[in-house]
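If you want the building blocks of each chain, they are given just below.
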Amino acid sequence: MKKTKWMTGVLAASLLVSIPTPAALAGPVKWVNVNVNEEQDESLFNSENYDFMKFSQIGEKLEEIDKKSNRIKVEVRGTSSEGYPLYVVTIADPKSQGKFGKIQALRKQMFKNPEKAQDWIANNPDFKVPIMINGSIHGTEFVGSDAVIQLIERFALENDEETKEILENNILIFNVVQNPDGRVDATRFNGEGIDLNRDFITQSQPETRETVELLTEWNPMVFLDTHGYVSGYGPNLEGLIEPCTPPHNPNYEYDLYQKWAYGQAEAMESEILADKVSYDGNQYKEMKGVYIPQRDDADGWDDYPPIFTPMYAMYHGAYGHTLESPTNDEDGVRWMYNAIMGALKYATDNKQEMITDQIEMFKRGIQFDHPYHDEGHFPNAYILPVDEKDPTVTEKAVNHLLFNDIEVVQAAKSFTAGGKQYEKGTYIVPMNQAKAGLANTMLWDGEDISNDTPSMYDISAWSLPELWGFEANPVQEEVNVVSSKVNKVDGQGAVSGKGPFLIPNSSVKAVELANTLLNEGVTVLRDAEGNFYANAKANEVSAAVKASGLEIGTAKVPADAEVLQSMKVAILKDGGINKAQSHAGTKLALKRLGFDVTEVTPVEVAEQGLSGFDVFVYSGTETLITTSTNRAGNKEFILQSQAQLDALKQNIDSFLADGGKYLAVGAGASIATEKLGLTDNTVKTAGYNSNGIVKVDYSGEGLTAAYGQDDFGFVYRPTWYEVAGNDEVAASIDDSENFFLAGHWANNNIAQGQPVIVKEEDKDVTLIGLEAGFRDHTDYLFRLLSNSIFTK
Ligand SMILES: [Zn+2]
């Protein structure tokens, strides 16, 4: 009996919840003031408008609730890209609040001994499960955080039976406003222009990383992501609640998810319908249900790419759902509140079976036993060899895997696996681990699903090895080598010799190092292969080299190497056409390469020209250079008149005449370049919903230095060129039927062998059809940008 009691107190909770380690920012909550004059009241992209809770009011509101309740913990877990606080509220009954410290130490039990955990649950129904609710990841979808605030208020303060029962069974974690920048600015994206709900594989933004930390600390059983606005996807169906249509990502243990997610969705629907009388709008009064993609459609709303928050959460064992409220008004808030209440009740009623299946997912991983996968779908391990001179990409990948709760070990000796010899220090990702599915979805090559479904909602391929540029070799056999667990790679670089120093054109970090030294006034030269030479003493470069992570040595500067100038880059800014900043990925890529980058709007280019810049980059929608739009929200981001369009053209022409360099990246920019009369080539594009990884033949010099034949490229709304005259063709889609490696692109044979990077013969205009800076994800292709900028 004694033992049981101890388990109720400590192990009970330890198996099911984990309490976050106090983050650097934990402690007294910092209330950061928002300049309320800059805070937007509405978005022109929303068809309704209401008095939603402004971000500036949320901190105070939480403080006020905190004072009145002993069930609530309010924290600031980091800051957004514009510096606003990321509020996290944890609500649990006061008895649990006191036990958080002990629980924390034992949280990993669920992964270490899943069978024991399942047994324990079967015999001890008195436990609490963590449920996480994410507020308004898209800034214009205001109702999410408003519903979250109402729920926080209820669970912190109310004492009705329903509230008490839910708190007896659950711990509620609210990520109150996942995108403060977006709520303040009334934009979908964060301050860097990134759609955070596309960032969960890349994790380039602080808001995304904060959420990943919460997920890996809690491993919530249920994850609800609040969005808007979806109305009338079926007759009298209001709003949308996942689960999704096919295709499903094959790395999930989907049978376990499916078993509960569908029932939970219907429970949310029932809760909404049961409160129908409380709604004001006619569409709500007449609703017959909610659109549940899996029930109500065959395709079109899939959960294939885990770039979305709930899909990513599924890889941590959560029953993840996107909830799309119907309208941006008080009814919309009510719908969201009801949906979440439905999920909480369902989870309370079924927690024992649901948590048993969550643990089952981890058990399958640990035991390397996947009953619904073909033999060999999951390799035995991935082997990540390290390039001694430039380990930066592999090290970034290893730190990324570790951050995502994926186990990585390092070989203590050299060894052979899959017929290949590997050195001591090679990283190994063993696939008999709790989160094997997540490891696989990050490290696999992906698959061509063009024939599986008519079209996909978003991207269909994201392979980290191929798109970040590191080796990760799957092996089916057992790997026999003494190894040790890796906790973090610190990745410091080092200089040897007296100089001049060779910086290979081998990674983003390498180019960033060359740019850093250039900006510090060091003489940097570049040879035909794109390698850099720093003409300096060791002590003049050592700090920058150390920070870069590269191992730099002395080399002779080739006779053909040319002295570089620090380049000032202007990028055409998309302020938010159709709720996206289409230039944001390329902007971040250029910054990470170490360039001095300035965003210029189309109106600014028209009114002020491009003097003072060396390079003008256009990487965004062709709508940027249009003068009219039928969508009110777009108006402020485009040109205001034909006179402005004429001025923009003229200013770009004189920029080119004065020796400026023009670079177009992707479909929209290529089309715009054709419209501006800057290319005599014909731009060809495939559909917006086509994307994936392609095999590309690069010339390997100049614009495509350090890239080769049968190398990788990434396309999104794929683009290629019918070349006129004697333009330089620096890269073409591989001329084979099987050039499309992974993703979704129906009828792709039209692009086989076609040019994808070309440079005009008579002006300094380069067109890149590949997505060289896509959403800050395609690191491997970023050097196509630096090559183009540095090549004369
Ligand atoms: Zn959304």
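Above this text is the structure in question.
A brief structural summary. Keep in mind it's a predicted model, so treat the numbers as computed, not measured.

## Notes on the coordination of the zinc ion
By definition of the ideal shapes, four donors in a tetrahedron about a metal sit 109.5 degrees apart, and six donors in an octahedron sit 90 or 180 degrees apart. Bound to the zinc ion are the protein donor atoms His138 (ND1), Glu141 (OE), Glu141 (OE) and His227 (ND1), situated 2.0 to 2.7 Å from the metal. Mapping the donors of the zinc ion onto the primary sequence yields the spacing H-x2-E-x85-H. Within this pair, whereas His138 is found in the loop between strand E3 (129–134) and helix H7 (143–157), its partner His227 is found in strand E5 (residues 222–228), the two being separated by 89 residues in sequence. Assigned by exposure class, His138 and His227 land together as buried.

## What about the pattern of salt bridges?
Note on pairing: side chains with opposite charge can pair once their charged atoms come close. The final tally for this structure, using the stated rule, is 40 salt bridges. A salt bridge links Arg295 to Glu269; the shortest N-O distance between them is 2.8 Å. Of this pair, Arg295 sits in helix H13 (residues 293–296) while Glu269 sits in helix H11 (residues 254–274), and the two are 26 residues apart along the sequence. The exposure class assigned to Glu269 is buried, which follows from its relative accessible area of 9%. The residue Lys759 makes a salt bridge to Asp764 at a minimum N-O spacing of 3.2 Å. When its relative accessible area of 9% is taken as the criterion, Lys759 is described as buried. Residues joined in a network through salt bridges with shared partners are Arg154, Asp160, Glu162, Glu271 and Lys345.

## Overview of the pairing of strand E28 (residues 691–698)
Counting buried positions over the eight residues of E28 gives seven, a clear majority of the element. As paired elements, E28 and strand E29 (residues 711–716) share six bridges and run antiparallel to each other. Across the sheet, the residue bridging to Val696 is Asp711, located in E29. In the sheet, E28 pairs with strand E32 (residues 740–744) via four bridges, with the strands oriented antiparallel. Considered in E32, the bridge of Val694 is made with Phe740. In the sheet, E28 pairs with strand E31 (residues 728–733) via three bridges, with the strands oriented antiparallel.

Cut-offs and rules
- Residues numbered from 1 in each chain as written.
- Predicted model: local features only at pLDDT ≥ 70, side-chain atom pairs only at ≥ 80, totals over all residues.
- Heavy atoms only, no water.
- Donors = N, O, S within 2.8 Å, 3.2 Å for Na, K, Ca; no water.
- Helix = DSSP H or I, 4+ residues; strand = E, 2+ residues; numbered from the N terminus.
- Buried < 20%, exposed > 50% of the residue type's maximum accessible area, 1.4 Å probe, protein only.
- Salt bridge = Lys/Arg side-chain N within 4 Å of Asp/Glu carboxyl O.
- Pairing = 2+ DSSP bridges.

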